[in-house]
Amino acid sequence: MDNLINKINKLSLTNDNLMKRLVILDNNKENNLNNFTSQIVKSINKIKNNTFFYPKVNDTLFWCYIIKMYGIEEYDVNNTNRFSYEKIKKIELIETIRNNKDTLKKLKIKKADIENELVYNSNMSISTFIIIMIINKFNVIYYNDKCYYEMSGIGDKNDLIIINEKNNKYGISMDNEMIKIDDIRNNRLIIENINKPIKAISNYKLAELQHICKKLKIKIVDDNDKKYKKKDLYLFIKEILN
């Protein structure tokens, strides 16, 4: 009988039992929070140890923007609610665009085009990304294995964001001092218009196209060592850049 009473007392909702259960719950919550925080810290440190970080999401450029503006922690803590977070932040970006009409006018950019992209496109384009960075007073270098684009003189020279494109994904530099910017400039073709990397053929002389081909590692002679014509070289370049 005594054993039965003791068992009932342990299960009953007495003040002592309630306090014991609350302490257990609090300890579990604290342990879970500590484990969650520890996982985030490990993840962030792992990311920061890389020269470039390529967000593991569909809209990589949007998250490159978030990382630059708010820090890598913002990317990591929003791991489970990325979709809703993207929607909210893109609405905020539209408001930012509307408040910077003069900048868009100088860049000859239509406000409606950027707004439509942010609302209806699942991925941010490199041109929209660059415009947003310019509005936020950042200098930008974007490059892939063939060419590069640079927008400087916007803000302080230290306010630089470097974006690399690899396998159709974009990554952001986590440490600009680790990037050899001169190598980017010397070993790639510079493009003046991010939306039109190559001009019309009438803008080039044969020698200029041959120089571009050498930058892009395109052969300027055929298998019989006969030089390609201007039209052929232009088509080779266009195929790679577009």
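The structure presented is a predicted model; accordingly, all values stated were derived computationally and were not measured.

Colleague: Which parts of the structure should I look at to understand the packing of helix H3 (residues 60-70) against helix H8 (residues 126-135)?
Modeller: Packing of H3 against H8 leaves a shortest axis separation of 10 Å and a crossing angle of 20°. As judged from the angle between their axes, H3 and H8 are roughly parallel. As H3 runs across H8, the sense of the crossing is right-handed. Here Leu61, Cys64, Tyr65 and Met69 of H3 lie close against H8, whose contacting residues are Ile126, Phe129, Ile132 and Met133. Within the contact of H3 with H8, the residues separate by chemical class into eight nonpolar, no polar and no charged.

Colleague: Quick question: what am I supposed to make of the packing of aromatic side chains here?
Modeller: Aromatic ring pairs are reported here in terms of the distance separating the ring centres and the angle at which the planes meet. All told, the structure shown has 10 aromatic pairs when counted by the stated rule. For the pair phenylalanine 62 and tryptophan 63, a centre-to-centre distance of 5.4 Å together with 85° between the ring planes defines the contact as edge-to-face. As far as the burial class goes, phenylalanine 62 and tryptophan 63 line up, both buried. On the numbers, 6.4 Å between centres and 50° between planes, the contact of tyrosine 204 with tyrosine 234 is tilted. Placement of the pair is tyrosine 204 in the loop between strand E6 (189-190) and helix H10 (206-215) and tyrosine 234 in helix H11 (residues 230-241), with a sequence separation of 30 residues. The same class applies to tyrosine 204 as to tyrosine 234, namely buried. Three or more aromatic residues link up through ring pairs in this structure, and these residues are Phe53, Phe62, Trp63, Tyr65, Tyr75 and Tyr85. Here the guanidinium or amino end of arginine 82 rests over the ring plane of tyrosine 75, the centre of that ring lying 4.1 Å away.

Criteria and cut-off values
Every chain's residues receive numbers from 1 upward, in the order its sequence appears when written. This being a predicted model, a pLDDT of at least 70 is required before a residue's local features are given, and a value of 80 or more before pairs of side-chain atoms are given or counted; all residues contribute to the totals for chains, interfaces and linings. Note that water and hydrogens are dropped before the side-chain values are worked out from all heavy atoms of the structure. Lines fitted to C-alpha atoms define the axes here, with helix axes fitted over just the stretch in contact, and angles between the N-to-C directions of these axes take values from 0 to 180 degrees. Strands here are runs of E lasting at least two residues and helices are runs of H or I lasting at least four, both read from the DSSP assignment and numbered beginning at the N terminus. Working rule for angles: under 35 degrees goes down as roughly parallel, over 145 as roughly antiparallel, 65 to 115 as roughly perpendicular, anything else as oblique. Each crossing gets its hand from how the near helix is turned against the far one by less than a right angle, where anticlockwise is left-handed and clockwise is right-handed. In this analysis, two residues are considered to be in contact whenever any of their non-hydrogen atoms come within 4.5 Å of each other. Charged residues are taken to be Asp, Glu, Lys and Arg, nonpolar residues to be Ala, Val, Leu, Ile, Met, Phe, Trp, Tyr, Cys and Pro, and polar residues to be all remaining types, Gly included. Only the six-membered ring of Trp is used, alongside the rings of Phe and Tyr, when aromatic pairs are assigned; centres must lie within 6.5 Å, and planes under 30 degrees apart are stacked while those over 60 apart are edge-to-face, with the rest tilted. Relative accessibility thresholds used throughout: buried, under 20% of the residue-type maximum; exposed, over 50%; partly exposed, between the two (1.4 Å probe, protein chains only). Counting as a charge over the ring demands two things of the Lys NZ or Arg CZ atom: a distance within 6 Å of the ring centre and an angle within 35 degrees of the ring normal.

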